[in-house]
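# Inside the fold
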Amino acid sequence: MTARLEEHFQATETFVRPTAEALVRCEGLEKWYGSVHALAEVDFHAEPGEIVGLVGDNGAGKSTLIKILSGAHPADGGRIFFEGREVRLDSPKAAMGLGIETIYQYTAMVPAMSIARNMFIGREPLTRFTIGGIGLMDRRTMVEHATRSLTNIDLTERSPDTTVEELSGGQRQAVAIARAMYFKSKLLILDEPTNHLSVKETNKVLDYVASLKEQGIGSIFISHNLHHIFPISDRIVAMARGRKIADIKKSDTTIDDLTDLIV
Amino acid sequence: MQSILKTLLSRPEISALVMLVVVVAGFSFMAPQFASYGNTRVLLFSLPELGIVVLGVGILMIVGEFDLSVGSVFALVPMLMVIAMGRWGVPPIVAMLMGFALALAVGYINGWITLTFNIPSFVTTLGMLFMARSLATVLSGGFPPPFPANLSTDLFVADLGLFRSSMLWFAGFALILGIVLHFSNLGNWIFATGGQSQAAADMGIDTRKVKLFCFMLCSFLAGFAGMITTLRLRSALPALGEGLELQAIAAAVIGGAALTGGIGSLVGMLVGTTLIRVIDNGLVMARIDANWFRFAIGALTIVAVILNTWVRARARRMK
Ligand SMILES: Nc1ncnc2c1ncn2[C@@H]1O[C@H](COP(=O)(O)OP(=O)(O)OP(=O)(O)O)[C@@H](O)[C@H]1O
Ligand SMILES: [Mg+2]
């Protein structure tokens, strides 16, 4: 098994290297969960306006890598640079503050709360009545923007006051994407965003991610389905057992080569 | 029309409101003097002391945690205040501040232990229930401390006719906390933390801080309510508030707060409190053996949760 894997390893020297303009760049990331070495010496980067497809088998460490980038988990070692400056991503707030938005593998929504409230969790627009960061929410703005976002994702038949528990898995994912769209980010991370989606909904997500490119927004797109990410990715990063085993321009590879590599 | 009905049925306090109407109508029918001025006065006199505790317990339940120690804090805090004034000669305002500081400290300890060791708050606060009660008894030294004879209690318990001034404090707390809970960003964090804390944390909310705040608020309000009762009785009793925690939780649950967190409303807490006080008082007025009180509260709690669950499921199925 290991032997076969070794055989398919791309030589480390041929990994794509970051440019000086890299949006995000990590060096030597390490992460342990107890005795599980979830990330081992992982270098990773994404350029502005670049779509990076992140692939790998179950448990390869994909979610772990993006949780570190989104500030949800701390790394046990390594350095992270954002727009050339070294940063500490010790909380989701810190990551969001830099312009890193994440769409999680599970839908990060509160089921019993309305769509409008969910869109603005932790970033509620406030009225003038505010003391020390605590204040009255600007409900009008929230509903207005939520309504517009629902239109963007073709969920017009739903009111922004609908609770999220009433939505289908796909609709929830769409709202999560609408939320990320609203908070215009510099780097968008999508962890298997097409998991619960129909073919039509999946295509919409793929179109959306492709459209971000034009706005110079970088994306990291995780999926088990190479057929989903290959067409829209500029570069493919493959992981196995906590290590990066490939980092290759799309133009230098094919779906078949990659399929061999990761399974 | 459909959507108005749906909005109405989705409110967590709806079943409690219906039950309150039914119970009030029932008692008025069984005991004509139930709805009299005199009896309304009796009802309103006792409402704030439970109600203030329910506000804290209810908000803590929305954030997904429990506090079983409120009954003990209800006794411990005023015990310290009265001892400070009566035995140590501390000025009343300083004694009050000492009591509130103690209440906040108890809430902080409840929260800190629960969150740091990741154990159920049910267990932490059950332990605190015993410890705080024990402290109240030890502090008193076996007999109630002397209550300062010329201490004016008007600010908190003056008879204003239909109600005591404690009602104004209750109304003030309810108004402010209602606005915080339902209209402020902090309220949104409380609902998000209780409803799905992973999502709240991933969206950048410091769920630990939000929970700690709710623990401290709950203890503070319990201590405040205990102070009001003590001022009304003009005596600090170590056994004050025994069993109060269960009444407060029952009131919050009857008012639509979910034990799993993330659901509840301020109006629900008010209605739940009123229901409990109305039943307590109505049984007496209707000349029913007062020992049925706990039976009634118990049955009501179960019925309320069944109703809530059923109504919510119905509302969700409506377009
Ligand atoms: N919170 C955690 N606690 C303990 N172990 C964890 C935790 N999260 C991940 N792991 C372990 O770390 C390793 C990498 O997991 P990770 O979730 O990053 O994989 P993945 O590539 O995202 O897989 P999948 O495709 O199944 O989502 C796995 O062995 C997993 O069991
Ligand atoms: Mg994963």
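Cut-offs used in this document
Residues numbered from 1 in each chain as written. Chains lettered and ligands numbered in written order. Predicted model: local features only at pLDDT ≥ 70, side-chain atom pairs only at ≥ 80, totals over all residues. Heavy atoms only, no water. Patch = residues over 30% accessible without salt bridge, like charges linked within 9 Å, V, L, I, M, F, W, Y side chains within 5 Å. Areas by Shrake-Rupley, 256 points an atom, 1.4 Å probe, with all protein chains shown as cover. Salt bridge = Lys/Arg side-chain N within 4 Å of Asp/Glu carboxyl O. Helix = DSSP H or I, 4+ residues; strand = E, 2+ residues; numbered from the N terminus. Expected span 1.5 Å × (residues − 1). Contact = heavy atoms within 4.5 Å. Buried < 20%, exposed > 50% of the residue type's maximum accessible area, 1.4 Å probe, protein only. Pairing = 2+ DSSP bridges. Near = heavy atom within 4 Å. Polar contact = N/O pair within 3.5 Å; in protein donor to acceptor, adjacent residues only side chain to side chain. Nonpolar A, V, L, I, M, F, W, Y, C, P; charged D, E, K, R; others polar. Domains from an automatic or database assignment. Buried area = accessible area lost by both parts, 1.4 Å probe. Axes fitted to C-alpha atoms, helices over the stretch in contact; angles between N-to-C directions. Parallel < 35°, antiparallel > 145°, perpendicular 65-115°, else oblique. Left-handed = near helix turned anticlockwise from the far one by under 90°.

With that out of the way, let us pick up a nonpolar patch on the surface. Residues and elements named next belong to chain B. On the surface, Y108, I109, W112, F117, I119, F122, V123, L126 and F130 cluster together into a nonpolar patch covering about 850 Å² of accessible area. Every element with two or more residues in the nonpolar patch is listed here: helix 5 (92-116) and helix 6 (121-140). Among the elements that take part in the nonpolar patch, helix 6 stands out by supplying 4 residues, more than any other. Mapping L126 onto the fold places it in helix 6.

A separate point is helix 5 of chain B. All names here are of chain B. End to end, helix 5 covers 35 Å across 25 residues, agreeing with the expected 36 Å (1.5 Å per residue, within 8%). Buried residues in helix 5 make contact with helix 4 (70-86), helix 6 and helix 11 (207-233). Looking one or two places after helix 5, you find N118, whose phi comes out positive at around 55°.

This part takes up the pairing of strand 7 (residues 126-131) of chain A. Residues and elements named next belong to chain A. Where burial is concerned, little of strand 7 is hidden: 0 out of the 6 residues are buried. Note: strand 7 against strand 8 (residues 134-137), 3 bridges, orientation antiparallel. Bridge pairing in strand 8 places I131 opposite I134. From the end of strand 7 to the start of strand 8, which pair antiparallel, there are 2 residues, and G132 there has a positive phi angle of about 55°.

For the rest of this paragraph, the subject is the site of ligand 1. Residues and elements named next belong to chain A. Among the 14 residues in the neighbourhood of ligand 1, the closest are listed as N58, G59, K62, S63 and T64. Within the contact set of ligand 1, an oxygen atom lies 3.1 Å away from a backbone nitrogen or oxygen of A60. Within the side chain of K62, an N or O atom sits 2.8 Å from an oxygen atom of ligand 1. Starting from 640 Å² of accessible surface for ligand 1 in isolation, the protein chains cover 65%. For the shell around ligand 1, the leading source of residues is helix 2 (residues 62-69), giving 3 residues. Tallied by class, the residues present in the shell around ligand 1 amount to 4 nonpolar, 7 polar and 3 charged.

Quick look at the domain arrangement of chain A now. All names here are of chain A. Looking at the assigned domains, one finds that chain A contains domain 1 (1-99 + 187-201 + 217-263) and domain 2 (111-184). For domain 1 versus domain 2, the distance between C-alpha centres works out to 29 Å. Buried surface at the junction of domain 1 and domain 2, summed over both partners, amounts to about 590 Å²; 66% is from carbon and sulfur atoms. Counting the contacts that link domain 1 with domain 2 gives 0 salt bridges. Our enumeration of links across domain 1 and domain 2 arrives at 0 residue pairs in polar contact (both at pLDDT 80 or more). In terms of residue class, the side of domain 1 that touches domain 2 is made up of 4 nonpolar, 1 polar and 3 charged.

Moving on, we come to the packing of helix 2 (residues 14-30) of chain B against helix 13 (residues 266-285) of chain B. Residues and elements named next belong to chain B. Packing of helix 2 against helix 13 brings their axes to within 10 Å, and their N-to-C directions diverge by 20°. Here helix 2 is positioned roughly parallel relative to helix 13, judged by the angle of their axes. In the crossing of helix 2 with helix 13, the sense of the turn from one axis to the other is left-handed. Across the interface between the two elements, A16, L17, M19, L20, V23, V24 and F27 from helix 2 touch V271, T274, L275, V278, I279, G282 and L283 from helix 13. In terms of residue class, the contact of helix 2 with helix 13 is made up of 12 nonpolar, 2 polar and no charged.

Most peptide bonds take the trans configuration, and most residues that are not glycine carry a negative phi. We note that A:E83 has phi near 50°; this positive angle belongs to a residue other than glycine. Looking at the element boundaries, A:E83 is found in the loop between strand 4 (77-82) and strand 5 (85-87).

Turning to the interface of chain A and chain B, a few remarks are in order. Contact residues are listed per partner, giving 27 residues for chain A and 25 residues for chain B. Buried area between chain A and chain B, both sides added, is near 2,200 Å², and the carbon and sulfur share of it is 59%. Of all residues in chain A, A:Y106, A:I121 and A:I134 give up the largest surface area on contact with chain B, accounting jointly for 20% of the area buried on that side. At the boundary of chain A with chain B, the tally comes to 1 salt bridge. Salt-bridge contacts for B:K6 lead to A:E166; the nearest nitrogen and oxygen are separated by 2.6 Å.

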